[in-house]
Amino acid sequence: MKKFETQATEIEISTLGLDDFVIENSDSGFVEIYLFAENIEEQHILFSEAHKLVKIQFEIPEYKIEDKVFRKFITERLHRASAIIKLPKNKVITVFGDEINIESKSYKGDLKIFIEKGILKLHSIYANLLVKMYTGNLYANLNEASINVASKTGKIKINDILVEKSYQKKEDKSDKEITINSLKANIFLTTQ
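First, a word on scope: everything that follows refers to the structure included in this document. Since the structure is predicted, the reported quantities are computational estimates derived from the model, not experimental observations.

### Considerations on the overall build of the protein chain
Check the secondary structure of the protein chain and you find one helix and 17 strands. Counting every position in the protein chain, which comprises 192 residues, the buried fraction comes to 41%. Here the protein chain has roughly 11,100 Å² of accessible surface; of this, 48% comes from carbon and sulfur atoms.

Take a look at the structure:
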């Protein structure tokens, strides 16, 4: 576990080495990072701060398996590590990753997510959202926002209605913007 206070307005997180990642709202002004890994001695949370930007990354050794013939495919991507990060509201959070499952428990700040593959459960979106992903599934609840969604070969469902390849909606009452771009991801949005 790491806990620190920051005045930085932007936080950049690299999720390389993790299987699952959860973003929560912090009740205090502190950034709290909880890392759960199979080998406790070899896990590290690294962070640095410069020019109103905090960079967080995880150093997790690759998990080795003995019986490669039988278990090769089911454990190929498992690093056997997950993290929970609690963040003060109104920060701009940027998350980078390859193959990762991300859950945002209705974070009250801007989110930018750039991943190759994964499942994104974003719950309620209270600020700007930018997602670029290659494949996977995205679930989110939106309220009063301008929406721009595109998935070249994936499904897009807005309020359980299937739409073709892209969806746009301009909301004049709000300056909040939701942008989701993907080649193969399935996107499931609920609007209010």
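### Section: the side chain of Ser26
When you line up the elements, Ser26 lands in the loop between β3 (20–25) and β4 (30–37). In this structure Ser26 comes out as buried when scored by relative accessible area, which is 12%. A polar contact of 2.9 Å, which involves the side chain of Ser26, links it to the backbone oxygen of Ser28. Setting aside chain neighbours within four positions, we find Ser26 in contact with Glu32, Lys86, Leu87 and Pro88.

### Considering the nonpolar core
Judged by nonpolar contacts, the single largest core of 47 residues is most densely connected at Phe21, Ile56, Phe58, Leu138 and Leu189. Per-element accounting of this core gives the leading share, six residues, to strand β11 (residues 129–142). Leave out the neighbours within four places in its chain, and Ile56 touches Phe4, Ile11, Glu12, Ile13, Ser14, Val31, Ile33, Ile45, Leu46, Phe47 and Ile85.

### Comments concerning the pattern of salt bridges
When charged atoms on two side chains of opposite charge get close, those side chains can pair. A full pass over the atoms with the stated rule returns four salt bridges. Here Lys55 makes a salt bridge to Glu12, at a shortest N to O gap of 4.0 Å. With Lys55 in strand β6 (residues 53–59) and Glu12 in strand β2 (residues 10–14), the pair connects residues that are 43 residues apart, well separated along the chain. Exposure remark for Lys55: the relative accessible area of 42% places this residue in the partly exposed category. Given the relative accessible area of 25%, Glu12 is considered partly exposed.

### Here's the deal with the pairing of strand β12 (residues 146–151)
By the bridge criterion, six bridges tie β12 to strand β16 (residues 177–182) in an arrangement that is parallel. Bridge pairing in β16 places Ala150 opposite Asn181. Looking at chain direction, β12 and strand β15 (residues 166–169) are connected through four bridges and run antiparallel. Along β15, the bridge assignment pairs Ala150 with Ser166.

### What about the packing of aromatic side chains?
By convention here, two paired aromatic rings are described through the distance between centres and the angle between planes. Scanning the entire structure with this criterion turns up three aromatic pairs. Their ring planes at 20 degrees and their centres at 5.6 Å tell us that Phe96 and Phe114 sit as a pair that is stacked. Residue Phe96 is found in strand β8 (residues 92–99), and its partner Phe114 is found in strand β10 (residues 110–124); the two are separated by 18 residues along the sequence. Taking 5.2 Å as the distance between ring centres and 15 degrees as the angle between the ring planes, the aromatic pair formed by Tyr139 and Phe188 counts as stacked. Of this pair, Tyr139 sits in strand β11 while Phe188 is found in strand β17 (residues 186–191), placing the two residues 49 residues apart along the sequence.

### What to know about unusual backbone geometry
Glycine aside, a negative phi is what most residues show, and trans is what most peptide bonds show. In this structure, His51 takes a positive phi of about 55 degrees despite not being glycine. With respect to the element layout, His51 can be found in the loop between β5 (44–50) and β6. Phi is positive for Glu144, close to 35 degrees, though the residue is something other than glycine. Along the chain, the position of Glu144 falls in the loop between β11 and β12. A residue is classified by how much of its surface remains accessible, and Glu144, at 42% relative accessible area, is partly exposed.

About the cut-offs
- Residues numbered from 1 in each chain as written.
- Predicted model: local features only at pLDDT ≥ 70, side-chain atom pairs only at ≥ 80, totals over all residues.
- Heavy atoms only, no water.
- Helix = DSSP H or I, 4+ residues; strand = E, 2+ residues; numbered from the N terminus.
- Buried < 20%, exposed > 50% of the residue type's maximum accessible area, 1.4 Å probe, protein only.
- Areas by Shrake-Rupley, 256 points an atom, 1.4 Å probe, with all protein chains shown as cover.
- Polar contact = N/O pair within 3.5 Å; in protein donor to acceptor, adjacent residues only side chain to side chain.
- Contact = heavy atoms within 4.5 Å.
- Core = buried A, V, L, I, M, F, W, Y, C linked by side-chain atoms within 4.5 Å.
- Salt bridge = Lys/Arg side-chain N within 4 Å of Asp/Glu carboxyl O.
- Pairing = 2+ DSSP bridges.
- Phe/Tyr/Trp six-rings, centres within 6.5 Å; stacked < 30°, edge-to-face > 60°.

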